[in-house]
Amino acid sequence: MQQREEKQLEASIDALINRVAHLKNSLHSFIFKLENEYDRLTWPSVLDNFALLSGQLSTINKLMRSEKTPAFRNQVIIPLLLSPDRDEELAKLTEQRVPVFSHEIVPDHLRTKPDPEVEEQEKQLSTEAARIGPDVAQKQIQTLNKLCSNLLEKLNNPREDREAESSAMRQNKPTFNPADTNALVAAVVCGKGLSNHRPQGPGGTVPPGGGPMLSGGPNLQQVTMQRSTNQQAAMGGQGPPQQPGKMPSSIKTNIKSASMHPYQR
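None of the values given here were measured: they were computed from a predicted structure.

## Concerning the overall build of the chain
Within the chain one finds 10 helices and 0 strands. In the chain, the succession of α and β elements from N to C terminus is α-α-α-α-α-α-α-α-α-α. Looking at the chain as a whole, 11% of its 265 residues qualify as buried. Taking contacts inside the chain between residues at least 6 apart in sequence as the whole, the part at least 24 apart equals 39%. Summed over its atoms, the accessible surface of the chain is roughly 23,400 Å², and 56% of this surface lies on carbon and sulfur atoms.

Structure, rendered in structure tokens:
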């Protein structure tokens, strides 16, 4: 009876080691693709690798839950020899991951309980869960279920509906600032907010109506007087002298005749 149980245990361990080796090879292959072939890797290929890993994990779980597999939790592993020296056989079996089997490594590799930090976090979570009353917990559960339902509904909606919603949101989103628009219109129409400062010329303040472009040159009155004086000199000095700043009558006549229709001359 005992020999049969030992043989069954050895067969189960061999089968488990074989399945874990297949899972390890698949992980190595997938990691190699991610690190070296990421530029040629497609999403369907990634999904295939995930499906392969998921299937291998499911196979290991079925093997562990099988009736023919003995309960490994009832088996106790006791280290018979601890040494700080390097063990070549152990390094070969663990692919150079565990070169020595010392007092420092044994508590981590033969641990049957979570780490102390994880246990402390679990205790804190359990304490916080015990503080929450049934009514508060039920409300939180209902809120979480509602959020999950809304998220699932959005995920299950067709792609066209999501695109229509996103386009509608983009169209309804304002593309201008009303305050800036009103300020610009007020500045253009009424001059609101514009500065009244006038530039100064080399001689001081520029008189009203003048500007830096006209400084140092003749103004409109001087040009008119010069034209009238030249016209009188060309006519031999005849006619009364014109007052400064007024347009000669001959210029007015020419302007009037030029503005008339050709058939009215």
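## So, the confidence of the model for the chain
Residue-level pLDDT values for the chain average 75, and 69% of them are 70 or greater. At the low end of the mean pLDDT range in the chain sits helix α9 (residues 220-234), at 46; at the high end sits helix α2 (residues 43-65), at 91. Below pLDDT 50 for its whole length, residues 233-239 participates in 2 contacts with residues either more than four positions away or in separate chains.

## So, unusual backbone geometry
Positioned with a positive phi, E95 is a non-glycine residue whose angle comes to about 55°. Summarising the element assignment, E95 is placed in the loop between α3 (88-93) and α4 (106-109). The backbone phi angle of Q96 is positive, close to 65°, even though this residue is not glycine. By secondary structure assignment, the location of Q96 is in the loop between α3 and α4.

## Some points on the nonpolar core
The nonpolar side chains of a soluble globular protein tend to be buried with one another. Counting 7 residues, the largest nonpolar core is built from L16, L23, F30, L41, V46, L53 and I60. Those residues in contact with L23 that sit more than four places away from it in its chain are L53, Q56, L57 and I60.

## What about the environment of H103?
In this fold, H103 is placed in the loop between α3 and α4. Residue classification places H103 among the exposed residues on the basis of a relative accessible area of 60%. Remark: the alpha-carbon pair of H103 and L82, spanning 21 residues in sequence, is separated by 6.5 Å.

## Quick look at the pattern of salt bridges
All told, the structure shown has 7 salt bridges when counted by the stated rule. Across the salt bridge formed by E88 and R86, the nearest N and O atoms sit 2.9 Å from each other. What makes R86 partly exposed here is its relative accessible area of 46%. In this structure, the salt-bridge partner of R111 is D115, at a minimum N-O distance of 3.3 Å. Accessibility expressed as a relative area gives 40% for D115, which makes it partly exposed. Among the charged side chains, a network of salt bridges with common partners joins K24, E95 and R97.

## Comments concerning a negative patch on the surface
On the surface, a cluster of negative charge is made up of E5, E6, E10 and D14. The topology assignment puts D14 in helix α1 (residues 2-36). Overall, D14 belongs to the exposed group, its relative accessible area being 52%.

## Description of the side chain of S102
With respect to the secondary-structure elements, S102 resides in the loop between α3 and α4. Among all residues touching S102, those that are not within four sequence positions of it are L82, S83 and P84.

## Structural notes on the environment of V98
Tracing the backbone shows V98 in the loop between α3 and α4. For the pair V98 and E88, spaced 10 residues apart in the sequence, the C-alpha separation amounts to 9.6 Å. Contact partners of V98, with chain neighbours within four places excluded, come to L90, A91, I105 and H109.

## Considering α2
Compared with an ideal rise of 1.5 Å per residue, which puts 23 residues at 33 Å, α2 spans 33 Å between its outermost C-alpha atoms and is within 8% of the ideal. Turning to α2, its buried residues number three or more, namely S45, V46, N49, L53, Q56 and I60.

Cut-offs applied
- Residues numbered from 1 in each chain as written.
- Predicted model: local features only at pLDDT ≥ 70, side-chain atom pairs only at ≥ 80, totals over all residues.
- Heavy atoms only, no water.
- Helix = DSSP H or I, 4+ residues; strand = E, 2+ residues; numbered from the N terminus.
- Buried < 20%, exposed > 50% of the residue type's maximum accessible area, 1.4 Å probe, protein only.
- Contact = heavy atoms within 4.5 Å.
- Areas by Shrake-Rupley, 256 points an atom, 1.4 Å probe, with all protein chains shown as cover.
- pLDDT = per-residue confidence, 0-100.
- Core = buried A, V, L, I, M, F, W, Y, C linked by side-chain atoms within 4.5 Å.
- Salt bridge = Lys/Arg side-chain N within 4 Å of Asp/Glu carboxyl O.
- Patch = residues over 30% accessible without salt bridge, like charges linked within 9 Å, V, L, I, M, F, W, Y side chains within 5 Å.
- Lys, Arg positive; Asp, Glu negative; His and termini not counted.
- Charge placed at Lys NZ, Arg CZ, Asp CG, Glu CD.
- Expected span 1.5 Å × (residues − 1).

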